[in-house]
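Here is how the chains run, residue by residue.
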Amino acid sequence: ILKLAAASVIIKPAAAIAAVAQNTKTDIVVIGSGGAGLSAAITAHDLGAKVIVLEKMPITGGNTQIASGGMNAAGTRYQAAKGIKDSWQIMYEDTIKGGQNRGIPALVEILAKNSAASLDWLVSFGADLSLVGRFGGASVDRSHGPKDGGPVGPQIMKALRAATAQRNIDIRTNSNVLNIIGNTNGVASGVLVQERMGHLYEIEARALILASGGFAANMQMVTKYHPEYAGFSTSNQPGALGDGIVLGNELGVQLRDMDQIQI
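Residues numbered from 1 in each chain as written. Predicted model: local features only at pLDDT ≥ 70, side-chain atom pairs only at ≥ 80, totals over all residues. Heavy atoms only, no water.

Trainee: Just checking my understanding: could you explain the overall build of the chain for this structure?
Mentor: Counting its secondary structure elements, the chain contains nine helices and 10 strands. A compact globule built from 263 residues should have a C-alpha radius of gyration of about 18 Å, and the chain, at 19 Å, falls within 12% of that. Taken along the three principal axes of its C-alpha coordinates, the chain extends 60 × 45 × 35 Å. In the chain, which comprises 263 residues, the share counted as buried stands at 39%. A total of about 14,100 Å² of accessible surface is found on the chain, and carbon and sulfur atoms cover 54% of it. Here the chain contributes 22 positive and 20 negative side-chain charges, whose respective centroids are spaced 4 Å apart. (Helix = DSSP H or I, 4+ residues; strand = E, 2+ residues; numbered from the N terminus. Rg over C-alpha atoms; globule rule 2.2 N^0.38 Å. Buried < 20%, exposed > 50% of the residue type's maximum accessible area, 1.4 Å probe, protein only. Areas by Shrake-Rupley, 256 points an atom, 1.4 Å probe, with all protein chains shown as cover. Lys, Arg positive; Asp, Glu negative; His and termini not counted. Charge placed at Lys NZ, Arg CZ, Asp CG, Glu CD.)

Here's what the structure looks like:
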């Protein structure tokens, strides 16, 4: 099954590196350790699965770590405390309109309907999302962030890292997925990984969750899908190179809206 969504570096002794590089098995491999990847890993773990998270960069977080602004959510406890009248239906309408009717209605409905519960889920791990404001595309105040007015990304990642640590989820940084292994039926059955010292090993898995993020830091790929962006710089984190998108596409995953790029 293939589903699409500053720290110190610890130098491991040679014996530990050799152990990590050994072939292994797990229930689920998650590629990417940003908001989507760690959310998936926590959910899978809490449903009883053994999970390994693979992150090619030396730290976790991806673009989520540097996300500014806030998290849109409708019908939340914090809106209610301020007397703000909002609903998932209003958020749905705002999102469809703000996306110039390009959004997939069924997915926008899932986003809006589950937004308040998603916020509560993050708060349960210690995230501070109590400040309510408004950003572009919203007809009411529904952007949630930390009470000090700081960016929302570090707050979300702090909570997700704490939750994964509490669960002792296996998160492997400096671990680059070179290939998705498919079985004879073309279904993803594992990954080939290159770790920090260059050693290769395989992880066999019952399911793979591809949460490796976008490609806005890969200017060659950006201009392939949106030639008008040639010469632009990006505020995306340097690991947003589209590796996972390419790997998924090679396995047969269909791509859409590739020209919709947040530079």
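Structure's up, so let's keep going.
Trainee: Even after reading the chapter, I still don't get the nonpolar core, so can you show me in this structure?
Mentor: The nonpolar side chains of a soluble globular protein tend to be buried with one another. Counting residues in each nonpolar core, the largest one holds 29 residues, and the members touching the most others are Leu129 and Leu160. Among the elements of the structure, β2 (24-31), α2 (35-46), β3 (51-54), α6 (115-123), α7 (152-166) and β10 (200-210) are those that each provide at least two residues to this core. The leading source of residues in this core is α7, at six residues. Beyond its immediate sequence surroundings of up to four residues, Leu160 is in contact with Gly35, Leu38, Ser39, Ile42, Trp121, Leu122 and Phe125. In terms of nonpolar packing, the next biggest core, distinct from the first, is built from 16 residues, Val29, Leu54, Val191 and Val193 among them. (Core = buried A, V, L, I, M, F, W, Y, C linked by side-chain atoms within 4.5 Å. Contact = heavy atoms within 4.5 Å.)

Trainee: Explain the sheet that holds strand β5 (residues 131-133) here, please?
Mentor: In a beta sheet, neighbouring strands pair by backbone hydrogen bonds and run either parallel or antiparallel. With antiparallel pairing, the three strands of this open sheet are ordered in space as β4-β6-β5. With partners counted over all chains shown, the strands left at the sheet margins are β4 (71-72) and β5, one partner each. Relative to strand β6 (residues 143-145), β4 runs antiparallel, the two being bridged by two bridges. In the sheet register, Met71 faces β6, and the bridge partner there is His144. (Pairing = 2+ DSSP bridges.)

Trainee: Any chance you could explain the confidence of the model for the chain here in plain terms?
Mentor: Low-confidence regions, as indicated by low pLDDT, have predicted coordinates that should not be scrutinised in detail. Confidence along the chain averages 91 in pLDDT terms, with 92% of residues attaining 70 or more. When the criterion is pLDDT under 50, residues 1-18 qualifies, and its contacts beyond four places in sequence or with other chains add up to 28 contacts. (pLDDT = per-residue confidence, 0-100.)

Trainee: How should the pattern of salt bridges be read in this particular structure?
Mentor: For side chains of opposite charge, pairing can occur when their charged atoms come near one another. Taken as a whole and judged by the stated rule, the model has 13 salt bridges. Taking the shortest distance from any N to any O, the salt bridge between Lys113 and Glu109 comes out at 3.0 Å. A residue pair is termed a helical-turn pair when its members lie 3 or 4 positions apart in one helix, as Lys113 and Glu109 do in helix α5 (residues 105-113) at four residues. The partner of Lys147 in a salt bridge is Asp128, and the shortest N-O contact between them spans 3.5 Å. Residue Lys147 is found in the loop between β6 and α7, and its partner Asp128 is found in the loop between α6 and β5; the two are separated by 19 residues along the sequence. (Salt bridge = Lys/Arg side-chain N within 4 Å of Asp/Glu carboxyl O.)

Trainee: What's the story with the pairing of strand β9 (residues 188-194) in this structure? I'm lost.
Mentor: Successive residues of a regular strand alternate their side chains across the two faces of the sheet. Pairing analysis gives six bridges linking strand β8 (residues 176-182) to β9, with the strands arranged antiparallel. Paired with Ile180 across the strands is Val191, a residue of β9. A loop of five residues connects β8 with β9, the two strands running antiparallel in sequence, and Gly186 in this loop sits at a positive phi of about 80 degrees. Where β9 and β10 come together, five bridges link them in antiparallel fashion. Within β10, the position partnered with Gly190 by the bridge is Glu204.

Trainee: How should I be thinking about the side chain of Gln155 in this particular structure?
Mentor: Looking at the secondary structure, you find Gln155 in helix α7. What Gln155 contacts, discounting residues up to four positions off in sequence, is Gly126, Ala127, Asp128 and Pro146.

Trainee: Quick question: what am I supposed to make of the packing of helix α4 (residues 88-98) against α5 here?
Mentor: Helix-helix packing: each pair is described by the crossing angle between the helix axes and the interaxial distance. Where α4 meets α5, the axes come as close as 9 Å, and the angle between the chain directions of the two elements is 135 degrees. Of the possible angle classes, the one that applies to α4 and α5 is oblique. Here α4 and α5 pass one another in a crossing that is right-handed. For the pair formed by α4 and α5, the contact residues are Trp88, Met91, Tyr92, Thr95 and Ile96 on the first element and Pro105, Val108, Glu109, Leu111, Ala112 and Lys113 on the second. (Axes fitted to C-alpha atoms, helices over the stretch in contact; angles between N-to-C directions. Parallel < 35°, antiparallel > 145°, perpendicular 65-115°, else oblique. Left-handed = near helix turned anticlockwise from the far one by under 90°.)

Trainee: Looking at this structure, how should I read unusual backbone geometry?
Mentor: The general pattern is negative phi for most residues beyond glycine and trans for most peptide bonds. The phi angle at Asn101 is positive, at roughly 60 degrees, despite the residue not being glycine. Mapped onto the elements, Asn101 comes out in the loop between α4 and α5.

Trainee: I'm lost on the environment of Thr26 in this one. Help?
Mentor: Mapped onto the elements, Thr26 comes out in strand β2. Separated by 56 residues in the primary sequence, Thr26 and Lys82 place their C-alpha atoms 46 Å from one another. What Thr26 contacts, discounting residues up to four positions off in sequence, is Lys50, Val51, Ile52, Ile203, Glu204, Ala205 and Arg206. Polar side-chain contacts of Thr26 include one of 2.8 Å to the backbone oxygen of Lys50. (Polar contact = N/O pair within 3.5 Å; in protein donor to acceptor, adjacent residues only side chain to side chain.)

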